[in-house]
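Inside the fold
Spelled out from the first residue to the last, the chains are:
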Amino acid sequence: MIKIKEAVIVEGKYDKIKLSNILDTFIVETNGFQIYKDKARKDFIKRLADERGIIILTDSDHSGFQLRNYIAMGIPKEKIKHLYIPDIYGKEKRKSIPSKEGKLGVEGIDDKILIKLFENAEISFAKADNKELITNYDLFAAGISGGENAKEKRRALLKELNLPEFLSTNSLLSYLNSTISREEFTKLMSN
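Note that the structure is predicted; figures quoted are calculated from it, not measured. (Residues numbered from 1 in each chain as written. Predicted model: local features only at pLDDT ≥ 70, side-chain atom pairs only at ≥ 80, totals over all residues. Heavy atoms only, no water.)

Take the nonpolar core next. By size, the foremost hydrophobic cluster in this structure holds 31 residues, and its most contacted members are Phe26, Phe44, Ile45, Leu48 and Ile54. Secondary-structure elements contributing two or more residues to this core are strand E2 (7-10), helix H2 (39-51), strand E5 (54-56), helix H3 (62-72), helix H6 (150-160), helix H7 (169-179) and helix H8 (182-190). If we skip the residues at most four places from it in the chain, Phe44 touches Phe26, Val28, Leu163, Pro164, Phe166, Leu167 and Tyr175. Listed in part, the 20 residues of the second largest apolar core include Leu83, Ile85, Leu114 and Ala121. (Core = buried A, V, L, I, M, F, W, Y, C linked by side-chain atoms within 4.5 Å. Buried < 20%, exposed > 50% of the residue type's maximum accessible area, 1.4 Å probe, protein only. Helix = DSSP H or I, 4+ residues; strand = E, 2+ residues; numbered from the N terminus. Contact = heavy atoms within 4.5 Å.)

Side chains Ala7 and Ile9 of E2 all project onto a buried face; the interleaved residues Val8 and Val10 project onto the opposite face, where all are buried too. With three bridges joining them, E2 and E5 adopt parallel strand pairing. The residue of E5 that forms the bridge with Ile9 is Ile56. In this structure, E2 lies alongside strand E4 (residues 27-29), joined through three bridges in parallel fashion. Across the sheet, Val10 pairs through a bridge with Glu29, a residue of E4. (Pairing = 2+ DSSP bridges.)

Okay, here's the thing in structure tokens:
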């Protein structure tokens, strides 16, 4: 896995799943054009850009470039890195027909091509650390996952951390592991 500092912004959940097998970083999906109506998600992406920088990796079709430009608006250029997948024509395995432009998106590109994109980019490789990770069980034990009132407790934690309430439990876990230690999480939850 490639461990990087910047957060990676992608279009959808299948792109996120694909990159989660390659990258060790925080990955945010725009939910396609839903980002236009989701001020909290757009503000969160701006915050991530300010805190750690972002890498935008959208499909190489017209829609992907529209989303890329929208996300980049209002974010200083030095906080954004753009990676572009090559134009490769074909059809994603899960789809019955090719996309409108016939190009493969992030989810359909071969892993080797994606790895090469990141290796050749000017990204900030994070140092491999041996810190003890926060686990799903830790979230469960803290009462913010899978238990009674977990949803309310998770919302309270998201609010305390100034995070958007749309973050899923897995996204919250990924964010926590990329920003604080397990010891800091334990202290946070004991307050």
